[in-house]
Amino acid sequence: MLGKIHLLEGDLDKAVEIYKKAVEFSPENTELLTTLGLLYLQLGIYQKAFEHLGNALTYDPTNYKAILAAGSMMQTHGDFDVALTKYRVVACAVPESPPLWNNIGMCFFGKKKYVAAISCLKRANYLAPFDWKILYNLGLVHLTMQQYASAFHFLSAAINFQPKMGELYMLLAVALTNLEDIENAKRAYTEAVHLDKCNPLVNLNYAVLLYNQGEKRSALAQYQEMEKKVNLLKDSSSLEFDSEMVEMAQKLGAALQVGEALVWTKPVKDPKSKHQTTSTSKPASFQQPLGSNQALGQAMSSAAAYRTLPSGAGGTSQFTKPPSLPLEPEPAVDSSPSETSEQIREK
């Protein structure tokens, strides 16, 4: 009970300590082992998460919560076929589980089976129509398939339930750009920049849109903000940036006459967690338009890390990492809707 109180307060570290002591006194309690494994998984400590989830499955091979979490770990690391095998077992126990169908859908997305992905995600959405994560993933898959009107629909719905997440506004702006609604795309990017203080892709995409509209001064300002974020990320972690992002930033830097040498080096592209598309804005007549790296890698990593704590554990963690990392963002924000994307369109 004390551990659940810490979870409700959002203090994951203290909750972990409490559950560790509980497991010491009751090492065969599968509920405690599963909860502790989920907490380690949420904190990104994969080795200990795998250890405790494995122990839970040793004592109870049919524990669907532990199986779902183990499958989520495998999915996070790109082992889609193994994860689907795990999910098949869970489907026999809880066939109406929204997280299960969400994860299955994103496994298919990772395998580039987009129609199957949408089918599974829509089933998850039917079972949990108010879950913003499922709506978010549906928007991403439709963006990847270049179905921008459908993407706008699902991303708008996700923003209604998660109005403080900057990346949602960025992806909404991508859809609006491809629907040739440039003014509302700019408004969505402005909101994304205001909300997201760590993801350089928001500024990069916004800068490309501004450049394609001939607003070079504003594009340069966004480009400089992007470089500041990249410097901060380099100083705080060993994150390596996606090669397509680096290439686009170099092209934009050259176009803005700020040079092609950027602040990062040795870009590495991870094909398991990056699914990217290209968006084109309506170009100004006197310049060559640039395509835009839209960074849809979060599509896979978002659902791969979809996990819910056992009943009664309602803790969330503050999002502190850039969205291109393997873990799903779980910002602890007020869920009451503020300015929705429909309101953006009406401005």
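Residues numbered from 1 in each chain as written. Predicted model: local features only at pLDDT ≥ 70, side-chain atom pairs only at ≥ 80, totals over all residues. Heavy atoms only, no water.

An unreviewed UniProt entry lists the chain under the name Bardet-Biedl syndrome 4 protein isoform X3, with Sapajus apella as the source organism. If you open the UniProt record of the chain and go to Sequence similarities (unreviewed entry), you find "Belongs to the BBS4 family." (UniProt positions renumbered as here; feature names shortened; annotations may be inferred.)

A. Here's a closer look at the overall build of the chain. Across its full length, the chain holds 17 helices and two strands. Looking at the chain as a whole, 54% of its 347 residues qualify as buried. At a minimum sequence separation of 6, the contacts of the chain that also span at least 24 residues come to 62%. Carbon together with sulfur atoms contributes 53% to the accessible area of the chain, which is approximately 15,500 Å² in total. (Helix = DSSP H or I, 4+ residues; strand = E, 2+ residues; numbered from the N terminus. Buried < 20%, exposed > 50% of the residue type's maximum accessible area, 1.4 Å probe, protein only. Contact = heavy atoms within 4.5 Å. Areas by Shrake-Rupley, 256 points an atom, 1.4 Å probe, with all protein chains shown as cover.)

B. A look at helix H8 (residues 114-127). Between its terminal C-alpha atoms H8 stretches 20 Å, which fits the 20 Å expected from 14 residues at 1.5 Å a residue. The complete set of buried residues in H8 reads Ala117, Ile118, Cys120, Leu121, Ala124 and Asn125. Buried positions in H8, seen along its axis, are confined to an arc of 170° and lie on one side of it. Facing away from the buried side of H8 by more than 90 degrees, the exposed set consists of Val115, Ser119 and Tyr126. In this structure, the buried residues of H8 make contact with helix H7 (98-110) and helix H9 (132-144). (Expected span 1.5 Å × (residues − 1). Arc of directions from axis to C-beta.)

C. Representation of the side chain of Lys229. In this structure, Lys229 sits in helix H14 (residues 216-236). Aside from chain neighbours lying at most four places away, what touches Lys229 is Asp196, Lys197, Cys198, Asn199, Pro200 and Asn203.

D. Geometry of the UniProt feature "repeat: TPR" (unreviewed entry) in the chain. The sites that carry the UniProt feature "repeat: TPR" (unreviewed entry) are, in the present numbering, residues 1-29, 30-63 and 132-165. As annotated, residues 30-63 comprises 82% helix and 0% strand, and the C-alpha atoms at either end are separated by 8 Å. Taken end to end, residues 132-165 is 79% helix and 0% strand, and its first and last C-alpha atoms sit 11 Å apart.

E. Geometry of helix H5 (residues 64-76). Under the 1.5 Å per step criterion, the end-to-end length of H5 is 18 Å for 13 residues, consistent within 8% with the ideal 18 Å. Burial runs high along H5: 11 of the 13 residues are buried. Among the residues making up H5, those that are buried are Ala66, Ile67, Leu68, Ala69, Ala70, Gly71, Ser72, Met73, Met74, Gln75 and Thr76. Regarding H5, its N-cap is Asn63, as a side-chain oxygen of that residue lies 3.2 Å from the backbone nitrogen of Lys65 further along. Just downstream of H5, Gly78 is the residue with a positive phi angle, here 90°. (Polar contact = N/O pair within 3.5 Å; in protein donor to acceptor, adjacent residues only side chain to side chain.)

F. Spatial organisation of the packing of aromatic side chains. On inspection of all chains with the given rule, the structure shows four aromatic pairs. Ring geometry for Phe130 against Phe161: centres 5.6 Å apart, planes inclined by 65°, an arrangement best described as edge-to-face. With Phe130 in the loop between H8 and H9 and Phe161 in helix H10 (residues 148-161), this residue pair connects regions lying 31 residues apart in the sequence. Ring geometry for Trp132 versus Tyr136: centroids 6.1 Å apart, planes at 75°, classification edge-to-face. Of the two residues, Trp132 and Tyr136 both sit in helix H9, four residues apart, roughly one turn of that helix. This pair shows no difference in class: Trp132 is buried, exactly as Tyr136 is. (Phe/Tyr/Trp six-rings, centres within 6.5 Å; stacked < 30°, edge-to-face > 60°.)

G. Layout of the side chain of Asn103. As for its position among the elements, Asn103 is in helix H7. A residue is classified by how much of its surface remains accessible, and Asn103, at 0% relative accessible area, is buried. A polar atom in the side chain of Asn103 sits 3.3 Å from the side chain of Asn102.

H. Region of interest: the nonpolar core. Membership of the largest hydrophobic core comes to 92 residues, with the highest contact counts inside it found for Tyr87, Ile104, Leu143, Leu168, Leu204 and Leu252. With residues near it in sequence (within four places) discarded, Ile104 still touches Leu84, Tyr87 and Cys120. (Core = buried A, V, L, I, M, F, W, Y, C linked by side-chain atoms within 4.5 Å.)

I. Summary view of the confidence of the model for the chain. Taken residue by residue, the chain gives an average pLDDT of 74. The fraction at 70 or more is 71%. In the predicted structure, residues 260-289 sits below a pLDDT of 50 and forms 88 contacts with residues beyond four places in sequence or in another chain. Across residues 291-347, confidence stays below pLDDT 50; counting only partners more than four residues off in sequence or on other chains, it has 188 contacts. (pLDDT = per-residue confidence, 0-100.)

J. Region of interest: the packing of helix H13 (residues 200-212) against H14. It is the contact of H13 with H14, at a shortest axis distance of 8 Å, that shows an interaxial angle of 165°. As far as their axial angle goes, H14 and H13 are roughly antiparallel. Considering how the two elements wind past one another, H13 and H14 form a crossing that is left-handed. Contacts from Pro200, Asn203, Leu204, Tyr206, Ala207, Leu210 and Tyr211 in H13 reach Lys216, Ser218, Ala219, Gln222, Tyr223, Glu225, Met226, Lys229, Val230 and Leu233 in H14. Tallied by class, the residues present in the contact of H13 with H14 amount to 11 nonpolar, three polar and three charged. (Axes fitted to C-alpha atoms, helices over the stretch in contact; angles between N-to-C directions. Parallel < 35°, antiparallel > 145°, perpendicular 65-115°, else oblique. Left-handed = near helix turned anticlockwise from the far one by under 90°. Nonpolar A, V, L, I, M, F, W, Y, C, P; charged D, E, K, R; others polar.)

K. Layout of the environment of Gln47. The residue Gln47 is located in helix H4 (residues 46-59) in this model. Sequence separation between Gln47 and Gly37 is 10 residues, and the spatial gap between their C-alpha atoms is 9.5 Å.

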